[in-house]
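# Examination of the molecular architecture
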Amino acid sequence: MQTYYFILASQRFLLEEEPFEEVLQERHRHYKELEKEIDFWLVKEPAFLEAPAMAPVKAKCPQPAVAVISTNPQFITWLKLRLEFVHTGEFQAPSEAIPEPLASLTPAS
């Protein structure tokens, strides 16, 4: 099992009120320069929030939610320091409760 770290926020806050797209573009550019593999993903309406253990986390975040999920805890800490109104946490996956760590409840378009 892998440990995944995340920030969680409302979609409105993270995708509309914050210049978050610029943050992700800059991080992608930085990783490319370092020839580093991408270890973070933006997931709208993350399915991991449906796991029973995540109920308290889900209750704290306005819905619909969006998460940035990463295998790099330092990246999540860095994001937390840049953004005010986000929740952080971690989970192990794949597991019975969270079979797909990057799954979304939003239908693919």
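Residues numbered from 1 in each chain as written. Predicted model: local features only at pLDDT ≥ 70, side-chain atom pairs only at ≥ 80, totals over all residues. Heavy atoms only, no water.

## A look at the packing of aromatic side chains
By the definition in use, this model includes eight aromatic pairs. An angle of 20 degrees between the planes, with centres 5.6 Å apart, marks the rings of Tyr4 and Phe91 as stacked. Of this pair, Tyr4 sits in strand 1 (residues 2-10) while Phe91 sits in strand 4 (residues 87-93), and the two are 87 residues apart along the sequence. An angle of 90 degrees between the planes, with centres 5.4 Å apart, marks the rings of Tyr31 and Phe40 as edge-to-face. An identical accessibility class is assigned to Tyr31 and Phe40; each is buried. An aromatic cluster is present here, built from Tyr4, Phe6, Phe48 and Phe91 joined pairwise through their rings. Lying across the ring of Trp78, Arg27 places its NZ or CZ 5.0 Å from the centre. (Phe/Tyr/Trp six-rings, centres within 6.5 Å; stacked < 30°, edge-to-face > 60°. Helix = DSSP H or I, 4+ residues; strand = E, 2+ residues; numbered from the N terminus. Buried < 20%, exposed > 50% of the residue type's maximum accessible area, 1.4 Å probe, protein only. Lys NZ or Arg CZ within 6 Å of the ring centre and 35° of its normal.)

## Things to note about the pairing of strand 1
Among the nine residues that make up strand 1, eight are buried, leaving the element largely enclosed by the rest of the structure. Taken together, the seven bridges between strand 1 and strand 4 define a ladder with antiparallel strand orientation. Looking across to strand 4, one finds that Phe6 is bridged to Gly89. Relative to strand 3 (residues 65-70), strand 1 runs antiparallel, the two sharing six bridges. (Pairing = 2+ DSSP bridges.)

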